[in-house]
Amino acid sequence: MRTGFPMAGRGQKIGLLGGSFDPPHAGHLHITRAALTRFGLDQVWWLVSPGNPLKARGPAPLEKRLAACRALVDHPRIRVTDFEARVGTRYTAETLTALFRHYPGVRFTWLMGADNLASFHRWDRWSTIMASLPVGVIARPGDRISARLSPAANRFRTAQLRGRESHRLPMAPPPAWCFINVPMVDLSSTAIRAQGAWA
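Now for a description of the structure that goes with this document.

Thresholds, definitions, all that
- Residues numbered from 1 in each chain as written.
- Predicted model: local features only at pLDDT ≥ 70, side-chain atom pairs only at ≥ 80, totals over all residues.
- Heavy atoms only, no water.
- Helix = DSSP H or I, 4+ residues; strand = E, 2+ residues; numbered from the N terminus.
- Buried < 20%, exposed > 50% of the residue type's maximum accessible area, 1.4 Å probe, protein only.
- Contact = heavy atoms within 4.5 Å.
- Areas by Shrake-Rupley, 256 points an atom, 1.4 Å probe, with all protein chains shown as cover.
- Salt bridge = Lys/Arg side-chain N within 4 Å of Asp/Glu carboxyl O.
- Pairing = 2+ DSSP bridges.
- Axes fitted to C-alpha atoms, helices over the stretch in contact; angles between N-to-C directions.
- Polar contact = N/O pair within 3.5 Å; in protein donor to acceptor, adjacent residues only side chain to side chain.

**Examining the overall build of the chain**
- In terms of regular secondary structure, the chain is built from 9 helices and 7 strands.
- Of all 199 residues assigned to the chain, the portion counted as buried reaches 48%.
- Long-range contacts, defined as pairs at least 24 residues apart, comprise 77% of the intrachain contacts of the chain with a sequence gap of at least 6.
- Total accessible area computed for the chain in this model is approximately 9300 Å², and 52% of it derives from carbon and sulfur atoms.

Here's what the structure looks like:
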């Protein structure tokens, strides 16, 4: 395994939470802990992206965001990584191809908030992503209904596992996805930036 990459062995169940983390906050930790428990994951990796292709404004410098993530993370099974910057990928579908190549035999599960599922159909090759690995969706304030009625949810309706089946998700053959409800933490990176708390 290349220096600086997270360690994972064949058969391990690894959740992937991608994003700008601009800035990271307690809400990210909250949904990560919930995902570890509800989906029965061995680890969750925060994939801190160089930038979000769907956002016009670039994020804070990558090193600043990585340092803030590492300062915030307080769980031994959460890893912070700049994998995308290291391998030179920009879109999630490309990143997944690189992860599958670097980690043969690892059981990856893509994690996202309900807000991301609501706009998932705008992602590059989103149907390919759904067909590549299981997807765990975690409820976010105000986004439950729009997520459940989204084009992605509708197209893959028959691939949805019930919330009480969430532990089955990492081993389910894709396409497979599961929406879980968790206690709400009403925090967002956008709101934190708007308050001037992240300069």
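**Points about the pattern of salt bridges**
- Per the stated rule, a full pass over the model turns up 4 salt bridges.
- Here Asp74 ties to Arg33 by a salt bridge, and the two come within 2.9 Å at their closest N and O atoms. Of the two residues, Asp74 is situated in the loop between helix 2 (62–72) and strand 3 (78–81) and Arg33 in helix 1 (residues 26–38); the sequence distance between them amounts to 41 residues.
- Given a relative accessible area of 34%, Arg33 falls into the partly exposed group.

**Some thoughts on unusual backbone geometry**
- That bond from Asp22 to Pro23 is cis: its omega, 5°, falls within 30 degrees of zero.
- Along the chain, Pro23 turns up in the loop between strand 1 (13–19) and helix 1.
- A cis amide bond, omega 5°, links Pro174 with the succeeding residue Pro175.
- Along the polypeptide, Pro175 turns up in the loop between strand 6 (160–161) and strand 7 (177–180).
- Unlike most non-glycine residues, Phe21 shows phi in positive territory, near 50°.
- For Phe21, the location among the structural elements is in the loop between strand 1 and helix 1.
- Overall, Phe21 belongs to the buried group, its relative accessible area being 3%.
- Positive phi, normally seen in glycine, also occurs at Arg125, with a value near 55°.
- The residue Arg125 is located in the loop between helix 5 (114–118) and helix 6 (126–132) in this model.

**Quick look at the sheet that holds strand 4 (residues 107–113)**
- Strand order across the open sheet formed by 7 strands is 3-2-1-4-5-7-6, with parallel pairing between neighbours. Either end of the sheet is taken by a strand with one partner, and the two such strands are strand 3 and strand 6.
- Judged from the 2 bridges that link them, strand 6 and strand 7 form a sheet pairing that is parallel. Paired with Leu161 across the two strands is Cys178, which belongs to strand 7.
- Helix-sheet contacts for helix 1 involve strand 1, strand 2 (43–48), strand 3, strand 4, strand 5 (135–138) and strand 7, and the interaxial angle to strand 2 is about 145°.

**Regarding the side chain of Thr81**
- With respect to the helices and strands, the residue Thr81 is situated in strand 3.
- For Thr81, the side chain forms a polar contact with the main-chain nitrogen of Phe83, separated by 3.1 Å.
- Residues within four places of Thr81 in sequence aside, it is in contact with Gly4, Pro6, Trp45, Trp46, Leu47, Val48 and Leu66.

**Re the pairing of strand 4**
- Counted residue by residue, strand 4 has 6 buried out of 7 residues, so it is predominantly covered.
- As paired strands, strand 1 and strand 4 are joined by 5 bridges and run parallel to one another. Note on strand 4: the bridge partner recorded for Lys13 is Arg107.
- As judged from the 4 bridges shared by strand 4 and strand 5, these two strands associate in the parallel manner. Paired with Trp110 across the two strands is Val135, which belongs to strand 5.

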